[in-house]
Each structure stands twice: as C-alpha cells, then as structure tokens.
Amino acid sequence: MKNFNTSGTVATRLRALFLIALMVTAAGCSSIRFTYNHGDTLLYWWLNNYLDLDSDQSGWVKKDIDNLFQWHRKTQLKDYVQLLQNGQRQLAGNMTQADLAGDYHDIKARTELLAYKALPELADLARSVRPEQIAQMEKKFVKNNEDYRKKFMRGDLEARQKARFKKSMEQFDLWFGNFNAEQEAVLRKASDARVLDNDVWLDERMRRQKQIVAALRKIQTEKLGKDATVSVLHNLVKELFGRFEAPERKAFFDTYTDQTIQLILTAVKIATPSQKAHAQKRMQGWIEDFNVLAADARR
C-alpha cells in the first residue's frame, strides 16, 4: 500500500464497497456467482470512473480491492447464507414487520462492518489522490445529482410516485416474478402511501458529498499522516451511517423506513403460493452460489 501526502477520495472507495452489497442483492441467481467473481474488476472500473486513476495508483488499488474481496469471501458469505435461510423461514411462515425490520438492521450492520474494515485502505487512497482527481469527483457528483433530478424530480406528484413505484416493482418482480394487474394496484396504493419528498433525499445526497469533499481537502491541505487520516475517515463513516438518527431528519427517515417495510410486507402478503415459491427458489439459488464462493475461498 502507498503512503502519500496528497488527498484522496473516500467517497468513491466507500461507495464502491457498498456496491458489493448491491451486487449481492441485485443479481439473479443464475448470474450472482459470475458477478461476484468479476466484482473486483467491476469495482475498479466504477472507482476509475470517478477518479481516472494513474498507472501507479491503479496497481495497488486493484490489489486492495482484491484483498477486500478475499476477506469478504472468507468471512462474510456464510453469514449471507444464514440471512437468506432466515428469509426463507420467514417467507414460509407468518412474516411480520418486526421480522423485516430486523433483516434491515442486520444488512445495515454488515454494510457498516464492510466500510469500517476498509478504513486503512481508504486512508491510503485518500492520501494519494491529486487535487484534479478530487475536482473530477465533484463533477461526477454534479452529474449524478442532475441524473437524480431527471429521474425522480420531474413532473407532478403523480409522476414522481409513478417513477418510485416503477423502481420498487423492478425489485418485486426480481424476487417474486410478475405480479398481475390486481396485485400491482394493491402495491401501488401501498407505495403511494409512503412519504414522498425527493427534495429531502437530494439535499441529503448533496450534504454527504460536501462532507466527503471537505474531509478530503482537510487530508490534503493538512498533509495528514496515516493514523490521522484513518481518524478523519472513521468520523466521516460514522456520520454518514448515523445520519438517519440526526434530530432534524430522524422523524422523516423513521417514517419512510417503516412505510417501506410495510410495502414489502404487503408484497409478501399478497404473493401467491407460486410467487412465494419463485422467491424461495431464487433465495436457494443465492444460498448455493454463496456456499460455492465461500468454499472456493478455502482452497
């Protein structure tokens, strides 16, 4: 690993870590093993898209990503199997809102663990990135925010609710297969019942981005050493994950989380036996893939 005195981008590396969790939950059971096995390349490509890493950075960043995947494969995948098996049991029984809330907190805790695990490598990266790379990251943030506005902030309330519902249905269809028109109507009603304030979400996105940039510039300007950089990034990660508890936002976030869990519970309640069997089969496919991936790590 490198130890430089210029700033880096915890944002890109931290968010790259979260991409692992996204791959785990978004890939189909026929492709998750392939996706995970190529995850290091995907993460590097995503990171490079923000930073345009130079030839020196490229080598050790790839090594860091590979080491992160090795740790994740050896230590985390068996836990994912347990989470999925628990989900199968819940789906086969009388799933409750408390069950889903517990699942949400379990996943959140594992994502936090992943972020904190990578802090030393994040610090190396944070100290190596040049000012022009930070500027590029800021431009990427601006573009991402504009894309968000186009997707979720255009039109009236009906249009925004429809865009949000479409995103939810993509996930429901992945899990349960296609819902019929009557089921979709029930889900649309539950989706629209959720609090909708995309201005809040955009404000939070921009707030996080500013915090990240400020931390990076602090590291660069003050030429912080490794331990001091780890401390700055630790505080940043803690703030990012703790934002849901911020007094000025807690009521909104709690309400949105509860209503989203209720939406998921509605989908489970109205799913037919064949749709639940579809979800069970998908989860079983993921369980088998994770077991194979974990076994490969021991060879």
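Residues numbered from 1 in each chain as written. Predicted model: local features only at pLDDT ≥ 70, side-chain atom pairs only at ≥ 80, totals over all residues. Heavy atoms only, no water.

Peer 1: Outline the nonpolar core, listing residues and values.
Peer 2: One finds Val 61, Met 137, Phe 176, Leu 187 and Phe 290 to be the most contacted residues of the largest nonpolar core, which totals 67 residues. The greatest single-element share of this core, amounting to seven residues, is contributed by helix H14 (residues 273-297). Among residues more than four places away in sequence, those in contact with Val 61 are Tyr 44, Leu 47, Leu 53 and Leu 125. (Core = buried A, V, L, I, M, F, W, Y, C linked by side-chain atoms within 4.5 Å. Buried < 20%, exposed > 50% of the residue type's maximum accessible area, 1.4 Å probe, protein only. Helix = DSSP H or I, 4+ residues; strand = E, 2+ residues; numbered from the N terminus. Contact = heavy atoms within 4.5 Å.)

Peer 1: Outline the confidence of the model for the protein chain, supporting the account with residue identities and numerical values.
Peer 2: In this model, the protein chain carries a mean pLDDT of 85, and residues with pLDDT of at least 70 account for 89%. Within the protein chain, helix H10 (residues 181-192) carries the highest mean pLDDT (96), whereas helix H1 (residues 10-26) carries the lowest (40). Every residue in residues 1-30 is under pLDDT 50, and counting partners more than four places away or in other chains gives 111 contacts. (pLDDT = per-residue confidence, 0-100.)

Peer 1: Give me the lowdown on the environment of Ala 126, citing residues and values where you can.
Peer 2: Following the sequence through the fold, Ala 126 ends up in helix H7 (residues 119-126). Judged by its relative accessible area of 0%, Ala 126 is buried. For the pair formed by Ala 126 and Ile 219, sequence separation is 93 residues and the distance between their alpha carbons is 7.4 Å.

Peer 1: Residues and numbers for the packing of aromatic side chains, please.
Peer 2: Counted according to the given criterion, the structure contains 14 aromatic pairs. The interplanar angle of 40° and the centroid separation of 5.3 Å between the aromatic rings of Trp 201 and Phe 253 together place this pair among those described as tilted. Here the residue Trp 201 occupies a position in helix H11 (residues 198-221), and Phe 253 occupies one in helix H13 (residues 250-270), the gap between them amounting to 52 residues. Residue classification places Trp 201 among the partly exposed residues on the basis of a relative accessible area of 21%. (Phe/Tyr/Trp six-rings, centres within 6.5 Å; stacked < 30°, edge-to-face > 60°.)

Peer 1: Please provide a residue-by-residue account of helix H5 (residues 77-92), values included.
Peer 2: Here H5 is 16 residues long and its end C-alpha atoms lie 23 Å apart, about the 22 Å a rise of 1.5 Å per residue gives. Residues of H5 that are buried include every one of Leu 77, Tyr 80, Val 81, Leu 83, Leu 84, Gly 87, Gln 88, Gln 90 and Leu 91, and no others. (Expected span 1.5 Å × (residues − 1).)

Peer 1: Tell me about the environment of Ala 101, residues and numbers included.
Peer 2: Following the sequence through the fold, Ala 101 ends up in helix H6 (residues 97-117). Along the backbone, Ala 101 and Ile 261 are 160 residues apart, and their C-alpha atoms lie at a distance of 6.9 Å.

Peer 1: Let's hear about the packing of H6 against helix H12 (residues 226-242): which residues, and what values?
Peer 2: Taken N-terminus to C-terminus, the directions of H6 and H12 make an angle of 165°; their axes are 11 Å apart at the nearest point. With respect to each other, H6 and H12 are oriented roughly antiparallel. Note that H6 runs across H12; the crossing there is right-handed. Side by side, H6 and H12 meet where Lys 108, Thr 111, Glu 112, Ala 115 and Tyr 116 of the first sit next to His 234, Val 237, Lys 238 and Phe 241 of the second. Of the residues that constitute the contact of H6 with H12, the class distribution is four nonpolar, two polar and three charged. (Axes fitted to C-alpha atoms, helices over the stretch in contact; angles between N-to-C directions. Parallel < 35°, antiparallel > 145°, perpendicular 65-115°, else oblique. Left-handed = near helix turned anticlockwise from the far one by under 90°. Nonpolar A, V, L, I, M, F, W, Y, C, P; charged D, E, K, R; others polar.)

Peer 1: Give me the lowdown on the pattern of salt bridges, citing residues and values where you can.
Peer 2: Scanning the model with the defined rule gives 18 salt bridges in all. Residue Arg 130 is joined to Glu 132 by a salt bridge in which the shortest nitrogen-to-oxygen separation is 2.7 Å. Its relative accessible area of 47% is what places Glu 132 among the partly exposed residues. If you follow the salt bridges from partner to partner, you end up with Asp 203, Glu 204, Arg 243, Glu 248 and Arg 249 in one network. (Salt bridge = Lys/Arg side-chain N within 4 Å of Asp/Glu carboxyl O.)

Peer 1: Give me the side chain of Ser 168: which residues, what numbers.
Peer 2: Here Ser 168 is to be found in helix H9 (residues 157-176). Setting aside residues no more than four positions away along its own chain, Ser 168 makes contact with Arg 194 and Leu 263.

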